[in-house]
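One letter stands for each residue in the lines below.
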Amino acid sequence: VVRKFQKLDNGVAFADLKLGSGAELREGSVAVCQWVLRRADGYFVDASEKHDFAPLRLRVGSNDLGALDAALVGMRPGGVRRVLVPVPLAGSAKQISSKLGLGFGPQRQLERQINRPDP
């Protein structure tokens, strides 16, 4: 069951696609998750599936991936959440590429998206 999108004060929006169970993530927790990166128009860029499902490890509150971690607060193990991060809050293309281990093609798509004049 897809829940309604909630918008955080910083502009990041999220919707739970599946609720998990167990302890909620909070500031300082380490999130281990699979990911899919899409452009604003929904075009597929890259995903953990293409990297042998290597999970993303992210400390909530660290801003390792721009404002993404703010939307992870409150998630529970096994949950699935769609997160929309406005381009100005996403962090740099270099920061994102490094953290996700993106190859050349996905990194170039990400750079173009971040550098668009009308994000």
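Parameters at a glance
- Residues numbered from 1 in each chain as written.
- Predicted model: local features only at pLDDT ≥ 70, side-chain atom pairs only at ≥ 80, totals over all residues.
- Heavy atoms only, no water.
- Buried < 20%, exposed > 50% of the residue type's maximum accessible area, 1.4 Å probe, protein only.
- Helix = DSSP H or I, 4+ residues; strand = E, 2+ residues; numbered from the N terminus.
- Pairing = 2+ DSSP bridges.
- Core = buried A, V, L, I, M, F, W, Y, C linked by side-chain atoms within 4.5 Å.
- Contact = heavy atoms within 4.5 Å.

So, on to the pairing of strand β6 (residues 56–59). Of the two faces of β6, the one holding L56 and L58 is buried and the one holding R57 and R59 is not buried anywhere. Alignment of strand β3 (residues 30–33) against β6, held across four bridges, turns out to be antiparallel. Within β6, the position partnered with V30 by the bridge is R59.

A few words now on the nonpolar core. Core analysis: the biggest nonpolar cluster contains 18 residues, and L37, L72 and L100 have the highest contact counts within it. Tallying contributions element by element places helix α1 (residues 93–100) first for this core, with three residues. Among residues more than four places away in sequence, those in contact with L100 are W35, L37, L56 and L65.

Glancing now at the sheet that holds strand β1 (residues 6–7). Here we have three strands laid out as an open sheet, ordered β1-β2-β7, and antiparallel in their pairing. In this open sheet, the two edge strands, each paired with only one partner strand, are β1 and β7 (80–84). Alignment of β1 against strand β2 (residues 13–18), held across two bridges, turns out to be antiparallel. Residue Q6 lies in a different strand from β2, and its bridge partner there is F14.

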